[in-house]
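# Geometric and topological summary
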Amino acid sequence: MRNSTLCYIERDGCYLMMHRVKKKNDMNHDKWIGIGGGFLEDESPEDCIRREAFEETGLTLGHLDFYSVVTFVIENGECEQMFLYKCSDFSGEIGDCDEGELVWVPKADIYKLDLWEGDFLFLRKIENGCDFFTLKLVYDKNGTLLSAVENGETILK
């Protein structure tokens, strides 16, 4: 199972979003996602998200709010566990990103973007100030969300 991180960096009622348009053979191509990526050897989730945020944006993250462990299952048997964060404590200047275009998007406009279907579920939860939760999202090989289980309870079949 692969481990990854995702963080919604927040400033002035906006999230820093990445429009994934630069990488070839990118499963996230043309999607809008938060900042993050996969673990390197010996990294904790916090180490990973701080490194990924700096590499992708040039920003140094301070205090992190930890919201969830999200398990992704793809029909062909691939699995990933993602550690989900939000951060409004950061420093530095945004640089160029080789994976996509970085844009500050007003929170009210996030839901108009082309996001993964499951992202809508966890974004709404963190926007509502939820407690820690687990989420399992099962997708088919074409990227269609088949089911969602939150804290052990099915919320989408």
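Our structure's up above, just so we're on the same page.
Residues numbered from 1 in each chain as written. Predicted model: local features only at pLDDT ≥ 70, side-chain atom pairs only at ≥ 80, totals over all residues. Heavy atoms only, no water.

## Let's talk about the packing of aromatic side chains
We describe a pair of aromatic rings using the distance from one ring centre to the other and the angle between the two ring planes. To keep it simple, the criterion reads: Note on aromatic pairs: the rings of Phe, Tyr and Trp (six-membered ring only in Trp) are paired at centre separations within 6.5 Å, and the planes decide the class, stacked below 30 degrees, edge-to-face beyond 60, tilted for the rest. A ring is considered to have a charge above it if a Lys NZ or an Arg CZ atom is located within 6 Å of its centre and within 35 degrees of its normal.
Following the criterion strictly, the structure yields 9 aromatic pairs and no others. Linked through ring pairs, Phe39, Phe66, Phe83, Tyr85 and Phe132 together constitute an aromatic cluster. Taking the ring centre of Trp116 as reference, the NZ or CZ of Lys31 above it sits at 4.8 Å. Between the NZ or CZ atom of Lys125 and the centre of the ring of Phe133, over which it lies, the distance is 5.0 Å.

## Brief notes about the side chain of Glu80
The cut-off we apply is this: Only DSSP runs of H or I covering at least 4 residues are called helices, and only runs of E covering at least 2 are called strands; the numbering of each starts at the N terminus. Throughout, a contact is declared for two residues whenever any of their heavy atoms are within 4.5 Å.
Mapped onto the elements, Glu80 comes out in strand E7 (residues 79–87). Leaving out residues up to four positions away in the same chain, Glu80 has contacts with Met1, Arg2, Ser4, Val70, Thr71 and Phe72.

## Examining unusual backbone geometry
Rules: Type-normalised accessible area, obtained with a 1.4 Å probe on protein chains alone, sets the label of each residue: buried when under 20%, exposed when over 50%, and partly exposed for intermediate values.
One non-glycine residue, Asp12, lies in positive phi territory at about 50°. Secondary-structure assignment places Asp12 in the loop between strand E1 (2–11) and strand E2 (14–19). Overall, Asp12 belongs to the exposed group, its relative accessible area being 72%.

## Focus on the pattern of salt bridges
The cut-off we apply is this: Whenever Lys or Arg places a side-chain nitrogen within 4 Å of a carboxyl oxygen from Asp or Glu, that contact is recorded as a salt bridge.
Enumeration according to the criterion identifies 14 salt bridges in this entry. Among the ionic pairs, Arg11 bridges to Asp12, the shortest N-O distance being 3.9 Å.

## Thoughts on helix H1 (residues 45–57)
Basically, it comes down to this: Helices are assigned an expected span. That span is 1.5 Å times one less than the residue count.
Compared with an ideal rise of 1.5 Å per residue, which puts 13 residues at 18 Å, H1 spans 18 Å between its outermost C-alpha atoms and is within 8% of the ideal. For H1, the set of buried residues is Pro45, Cys48, Ile49, Arg51, Glu52, Ala53, Glu56 and Thr57.

## Observations regarding the nonpolar core
For soluble globular proteins, the rule of thumb is that nonpolar side chains tend to be buried together. What counts here: Put simply, buried Ala, Val, Leu, Ile, Met, Phe, Trp, Tyr and Cys residues joined by side-chain atoms within 4.5 Å make one nonpolar core.
By size, the foremost hydrophobic cluster in this structure holds 45 residues, and its most contacted members are Tyr8, Ile9, Met17, Leu84, Phe122, Ile126 and Leu137. Dropping the residues within four chain positions of it, Leu137 is found in contact with Val70, Thr71, Phe72, Val73, Gly118, Leu121, Phe122, Leu145, Ser147 and Ala148.

## Some thoughts on the environment of Lys86
Mapped onto the secondary structure, Lys86 falls in strand E7. In contact with Lys86, other than residues within four places in its own chain, are Cys7, Tyr8, Glu10, Tyr15, Leu64, Asp65, Tyr67, Ile126 and Glu127.

## Considering the layout of surface pockets
Let me state the cut-off plainly: Grid points spaced at 1 Å and placed over the protein atoms alone form the basis of the search, with a cavity being a set where a 1.4 Å probe fits but cannot get out and a pocket an open set showing protein on both sides within 12 Å along at least five of seven lines. Lining residues have an atom within 4 Å of a point. Grid points are joined across faces, edges and corners, and a volume is the space filled by probe spheres set on the points. Just so you know the grouping, Ala, Val, Leu, Ile, Met, Phe, Trp, Tyr, Cys and Pro go in nonpolar, Asp, Glu, Lys and Arg go in charged, and all remaining residues, Gly too, go in polar.
In this structure, the largest pocket spans a volume of roughly 770 Å³. Residue lining of the largest pocket: 32 residues in total, with Arg2, Met27, Asn28, Glu80 and Trp116 positioned closest to the centre. It is E1 that provides the largest number of residues to the lining of the largest pocket, a total of 4 residues. Considering only residue class, the lining of the largest pocket consists of 10 nonpolar, 10 polar and 12 charged.

## Description of the environment of Arg51
Note that Arg51 resides in helix H1. A relative accessible area of 17% places Arg51 in the buried class. In the structure, Arg51 is positioned 12 residues away from Phe39 in sequence and 9.4 Å away in space, judged by C-alpha atoms. Contacts of Arg51, omitting those with residues within four sequence positions, involve Gly38, Phe39, Leu40 and Glu43.

Interpretation note: all reported values are geometric properties and have no functional meaning in isolation.
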